[in-house]
Amino acid sequence: MPSASGNYPGRLHPAWIVAAIGFIALIGAAAFRSVPGVLMEPLHEEFGWSHGTIGAAVSLNVLLYGLISPFAAALMDRFGIRRVVASALLLIAAGAGLTVFMTRPWQLMATWGLLVGIGVGSMSMPFVATITGRWFVRQRGLVTGVLTAAGAAGQLVFLPLIARLAGDYGWRTPSLVVAGTALVVVPLVLLFIRDYPSDIGVTAYGAEPGSAIGVRAQAPGGAGRAITVLFSVARKPVFWLLAGGFAICGMSTNGLIGTHFVSAAHDHGMPATTAAGLLALVGVFDVAGTIASGWFTDRVDSRYLLVGYYSLRGLSLLVLPMLFGPDVQPSMWAFIIFYGLDWIATVPPTVALCREHFGEDGPVAFGWVFASHQIGAAVAAFGAGYIRDIQGSYTPAWYIAGALCGLAALMSASIRRKQPEVAADPSAVDGVVRA
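Cut-off values and rules
Residues numbered from 1 in each chain as written. Predicted model: local features only at pLDDT ≥ 70, side-chain atom pairs only at ≥ 80, totals over all residues. Heavy atoms only, no water. Helix = DSSP H or I, 4+ residues; strand = E, 2+ residues; numbered from the N terminus. Buried < 20%, exposed > 50% of the residue type's maximum accessible area, 1.4 Å probe, protein only. Contact = heavy atoms within 4.5 Å. Areas by Shrake-Rupley, 256 points an atom, 1.4 Å probe, with all protein chains shown as cover. Salt bridge = Lys/Arg side-chain N within 4 Å of Asp/Glu carboxyl O. Core = buried A, V, L, I, M, F, W, Y, C linked by side-chain atoms within 4.5 Å. Axes fitted to C-alpha atoms, helices over the stretch in contact; angles between N-to-C directions. Parallel < 35°, antiparallel > 145°, perpendicular 65-115°, else oblique. Left-handed = near helix turned anticlockwise from the far one by under 90°. Phe/Tyr/Trp six-rings, centres within 6.5 Å; stacked < 30°, edge-to-face > 60°. Lys NZ or Arg CZ within 6 Å of the ring centre and 35° of its normal. Expected span 1.5 Å × (residues − 1). Arc of directions from axis to C-beta. Patch = residues over 30% accessible without salt bridge, like charges linked within 9 Å, V, L, I, M, F, W, Y side chains within 5 Å.

A.B. asks: Which residues make up the overall build of the protein chain, and what values do they have?
C.D. replies: Looking only at helices and strands, one finds 16 helices and 2 strands in the protein chain. Expressed as a percentage of the 435 residues in the protein chain, the buried residues total 52%. Here the contacts in the protein chain between residues at least 6 apart in sequence split such that 82% fall between residues at least 24 apart. Surface summary for the protein chain: the accessible area is close to 18400 Å², and the carbon and sulfur share equals 66%.

The following block contains the structure:
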């Protein structure tokens, strides 16, 4: 039997098993989402499709990844975590597998864009929030940070492999590897993930006796609540400051670096496998950066953290065009390490600010802020490819992104602290406190 705190003396609490399978699923989702960036050059060479055309498919992918996320938690409330995640993995497998038959750009949009986009969108930030919110009380912040960092681990595990397979066997082989990997994870999800701790007669990890956390209950509002919260928070300037900054965050990470870094490095004579390895190293340092950012968020004003993160990121993008070359120089190693530490360091302070300003609606509000992140990423994925087609170089894209990061820093500095609500003193009468 569990102890009063919800722990299992002498054996592993089931919450850790759920978190472990969730981590595996998130690793896969992150890897699947980043694969098109590695396949851009092989698709361009075989079909003659422009970088803008291929970037449009990536844009649809990242756009759906964001727009689906505010509703993903509602789908999990209605149909269960297992069903939603298993269905998402099947969509990813279908999207990746069907690409081996494509011959037209619209088919790339339908597979990597639509099917894979919906699939990975169903396993985004709301998936992390749902697992940690239902299964953990103690160490919830730590688990949130680790699951968020799974995206970095996905790049680390898959990107070098995908680049090597594409180089040795053509782009179809890694597409089939992605499809097969997604299918392998499906039975793990069905066997080991449960929707609520109460479904298997346990309490959430660290929950006190009688706590409602982890107990199956009908969620109010469903998908309609996501719309209601959007209309509510959209009336507050802080929402637009957070959403605008996070849109620029998406532009300067997933949309630009994640999609076009390998192609840009290839333009300067660097082998695709080497560039993919560098991008994977971004994932290595991202793990440390995200966890450290969570630690700092508990101790430093989140607004100041965002100002620092965006400012330093913008400066690094302004110098990046001077670092490319056929070989990896120490200056490029320095960029990779720094950029990895800063990659998604913005997530913990942004989540904290949503919680501070929107209260119980904070998680749903963050879902919409995260949607703006992916809209920004989609714009950059297409826009940078278009710039490359027109200018023959990605250099203007780096400068634009660097300047926008400066704007994001200013927006973050403009956020005001929420004034704490003062509870009424029951001993006060007519505003006077009685002794």
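Read on for the rest.
A.B. asks: Talk me through the pattern of salt bridges; I want residue IDs and the actual numbers.
C.D. replies: Within this structure, the stated rule accounts for 6 salt bridges. Of the charged contacts, one joins Glu 46 and Arg 172 as a salt bridge, the two residues approaching to 2.8 Å between their closest N and O atoms. Note that Glu 46 is positioned in helix 1 (residues 14-47) and Arg 172 in helix 8 (residues 172-192), a separation of 126 residues in sequence. Owing to a relative accessible area of 31%, Arg 172 belongs among the partly exposed residues under this scheme. Across the pair Asp 301 and Arg 303 runs a salt bridge, and its minimum N-O distance is 2.8 Å. Arg 303 shares its class with Asp 301; the two are buried. Overlapping salt bridges bring together Asp 301, Arg 303, Glu 356 and Arg 417 as one network.

A.B. asks: Pulling in residues and values, what's your account of the nonpolar core?
C.D. replies: By size, the foremost hydrophobic cluster in this structure holds 115 residues, and its most contacted members are Phe 127 and Ile 257. No other element matches helix 1, which puts 15 residues into this core. Apart from residues lying up to four places away in sequence, Phe 127 is in contact with Gly 22, Ala 25, Leu 26, Met 76, Ile 81, Val 85, Ser 122 and Ile 193.

A.B. asks: Give me the lowdown on the environment of Ile 387, citing residues and values where you can.
C.D. replies: One can find Ile 387 in helix 15 (residues 362-391). In the structure, Ile 387 is positioned 335 residues away from Gly 52 in sequence and 8.2 Å away in space, judged by C-alpha atoms. Discounting residues that sit within four places of it in the chain, Ile 387 has contacts with Gly 392, Ser 393, Pro 396, Ala 397 and Ile 400.

A.B. asks: Requested: an account of the packing of helix 3 (residues 81-98) against helix 4 (residues 105-121), with residues and values cited.
C.D. replies: Contact geometry of helix 3 with helix 4 gives a least axis separation of 7 Å together with a crossing angle of 165°. With respect to their mutual orientation, helix 3 and helix 4 come out roughly antiparallel. When you trace helix 3 past helix 4, the crossing you get is left-handed. Note on element contacts: helix 4 touches helix 3 through Thr 111, Trp 112, Leu 115, Val 116, Ile 118, Gly 119 and Val 120, opposite Ala 88, Leu 91, Ile 92, Ala 94, Gly 95, Ala 96 and Leu 98.

A.B. asks: Run through the packing of aromatic side chains, naming residues and quoting values.
C.D. replies: Per the counting criterion, the structure on display carries 15 aromatic pairs. Judged by centre distance (5.1 Å) and plane angle (80°), the ring pair of Phe 239 and Trp 240 falls under edge-to-face. By the ring-pair criterion, three or more aromatic residues cluster together here, those being Phe 261, Phe 324, Tyr 394 and Trp 398. Across the ring face of Tyr 196, the terminal group of Arg 134 is positioned such that the distance to the ring centre comes to 4.1 Å.

A.B. asks: Break down helix 12 (residues 302-319) for me, with residues and values.
C.D. replies: Along its 18 residues, helix 12 runs 26 Å from first to last C-alpha, staying within 8% of the 26 Å computed at 1.5 Å per residue. Of all the positions in helix 12, only Ser 302, Arg 303, Leu 305, Leu 306, Tyr 309, Tyr 310, Arg 313, Gly 314, Ser 316 and Leu 317 are classed as buried. The buried residues of helix 12 occupy an angular sector of 165° when the element is viewed end-on, so they sit on one face. Helix 12 presents Tyr 304 and Leu 315 as exposed residues on the side facing more than 90 degrees away from its buried surface. On its buried side, helix 12 packs onto helix 10 (237-267), helix 11 (272-297), helix 13 (330-342), helix 14 (347-358) and helix 16 (395-413).

A.B. asks: Could you give me a rundown of a nonpolar patch on the surface, with the residues and numbers involved?
C.D. replies: A cluster of nonpolar side chains, contributed by Leu 312, Leu 315, Leu 318, Val 319, Met 322 and Tyr 399, occupies part of the molecular surface with about 570 Å² of accessible area. Sort the elements by how many residues they give to the nonpolar patch and helix 12 lands first, with 4 residues. If you trace the backbone, Leu 312 turns up in helix 12. Residue classification places Leu 312 among the partly exposed positions, given a relative accessible area of 45%.

A.B. asks: Can you explain the packing of helix 10 against helix 15? Please cite residues and give values.
C.D. replies: Between two packed helices, both the angle of their axes relative to each other and the distance between the axes serve to describe the pair. In the contact formed by helix 10 and helix 15, the axes pass within 6 Å of each other and the chain directions differ by 35°. Every pair of crossing elements has a handedness; the one defined by helix 10 and helix 15 is right-handed.

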